[in-house]
Amino acid sequence: ASDVYKRQAWMGHSKATIRSGNEPAMISLVAAATNILKLGGVDVTVEGSIPYDPQSNGAAESAVRLVKGSLRTLQLGLERELLAHVPVGHPIVAWMVRHAANLVTWNARGHDGQTAYQRVKTREFRTRLMGFGEVCRFKNRSQEPIASVSGGSRFHSGIFVGIDQRTGQYMIYSDDS
């Protein structure tokens, strides 16, 4: 439950409305999410969609389209840099989906001219971004052990896979031990 409180603090809301389709799996998921949110002190309202009417959930459909477009752009860019196809089942795709959704949160402006990030944080997103999958150098923190694999250096090479939304730290994959 402590993780729920952290997310609620990040979202900054004490009320939430959950809209979903009417499929049994979706109804079960919404019920579980509602219970968890209520444990965190959030006042939750649940709304179902009109059966067989995809336009009744227009805002969600629009958001899905934005994230899909962002994901496709990231995938094509990565494939162009690698000169190879990235299969959907590859582990990097999970990181790519997360980063694509974050890019929409940080950059897509709504009807009020603000991004979702601005509405929550009351300021613009200003963290410097690298290209997804870009090779970069990073330095271990002073309290982290220096790996013998890297020849005793605090500096390593890694691959940028996104930014942690909670802490704002860069997430870099490296197989250095």
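Above: the structure in question.
Keep in mind that what you see is a predicted model, and the values were worked out from it rather than measured.

Turning our eyes to something else, we now look at the environment of Leu103. In this structure, Leu103 sits in helix α4 (residues 91-107). Residue class for Leu103 comes out buried when judged on its relative accessible area of 17%. Residues Leu103 and Tyr117 lie 14 residues apart in sequence; the distance between their C-alpha atoms is 10.0 Å. Discounting chain neighbours no more than four positions away, the residues touching Leu103 are Ser70, Leu74, Ala108 and Leu129.

Now for the pairing of strand β2 (residues 43-48). One ladder, built from six bridges, connects strand β1 (residues 15-20) with β2; its direction is parallel. Pairing of Thr17 across the sheet is with Thr45, part of β2. A crossover connection joins β1 to the parallel β2 through helix α2 (residues 24-39); in handedness this β-α-β unit is right-handed.

Okay, the side chain of Glu79 next. By the element assignment, Glu79 lies in helix α3 (residues 58-82). It is Arg72 that comes nearest to the buried, bridge-free Glu79 among opposite-charge side chains, at 5.0 Å. If sequence neighbours within four positions are ignored, Glu79 has contacts with Ala84, His85 and Val86.

Each aromatic ring pair is summarised here by two numbers: the centre-to-centre distance and the angle between the ring planes. Throughout the structure, instances matching the rule amount to three aromatic pairs. When the centroid spacing of 4.1 Å and the interplanar angle of 5° are considered together, the rings of Trp106 and Phe125 count as stacked. Placement of the pair is Trp106 in helix α4 and Phe125 in the loop between α5 (116-121) and β3 (135-139), with a sequence separation of 19 residues. The exposure classification of Trp106 matches that of Phe125, with both residues buried.

Quick look at the nonpolar core now. By size, the foremost hydrophobic cluster in this structure holds 16 residues, and its most contacted members are Leu74, Leu78, Ile92, Met96, Trp106 and Phe132. At the level of elements, α3, α4 and β4 (155-163) are the ones that each hand at least two residues to this core. With six residues, the single largest contributor to this core is α4. Excluding residues that lie within four positions of it along the chain, Phe132 makes contacts with Leu74, Leu78, Ile92, Trp95, Met96, His99, Phe160 and Val161. Grouped together as the second largest cluster of nonpolar side chains are five residues, Ile18, Val30, Val42 and Val44 included.

Looking now at the environment of Ile159. Counting through the fold element by element, Ile159 comes out in strand β4. Counting along the chain gives 27 residues from Ile159 to Phe132, while the straight-line C-alpha distance between them is 8.0 Å. When near neighbours in sequence (up to four residues on either side) are disregarded, Ile159 contacts Gly133, Glu134, Met171, Ile172 and Tyr173.

Our focus in this paragraph is the side chain of Ser70. Tracing the backbone shows Ser70 in helix α3. Under the relative-accessibility criterion, Ser70 is labelled buried at 14%. A polar contact of 3.4 Å, which involves the side chain of Ser70, links it to the backbone oxygen of Ala100.

On inspection of all chains with the given rule, the structure shows three salt bridges. Between Arg19 and Glu47 there is a salt bridge, with the nearest N and O atoms lying 2.9 Å from each other. Here the residue Arg19 occupies a position in strand β1, and Glu47 occupies one in strand β2, the gap between them amounting to 28 residues. Residue Glu47 is classed as partly exposed on the basis of its relative accessible area, which comes to 33%. Its salt-bridge partner being Asp112, residue Arg119 comes within 3.0 Å of it at the nearest N-O pair. Among the residues examined, Arg119 registers a relative accessible area of 40% and is labelled partly exposed.

Analysis parameters
Residues numbered from 1 in each chain as written. Predicted model: local features only at pLDDT ≥ 70, side-chain atom pairs only at ≥ 80, totals over all residues. Heavy atoms only, no water. Helix = DSSP H or I, 4+ residues; strand = E, 2+ residues; numbered from the N terminus. Buried < 20%, exposed > 50% of the residue type's maximum accessible area, 1.4 Å probe, protein only. Contact = heavy atoms within 4.5 Å. Pairing = 2+ DSSP bridges. Right-handed = clockwise from strand over helix to strand, strands pointing away. Lys, Arg positive; Asp, Glu negative; His and termini not counted. Salt bridge = Lys/Arg side-chain N within 4 Å of Asp/Glu carboxyl O. Phe/Tyr/Trp six-rings, centres within 6.5 Å; stacked < 30°, edge-to-face > 60°. Core = buried A, V, L, I, M, F, W, Y, C linked by side-chain atoms within 4.5 Å. Polar contact = N/O pair within 3.5 Å; in protein donor to acceptor, adjacent residues only side chain to side chain.

Coordinates in, geometry out; function isn't part of it.
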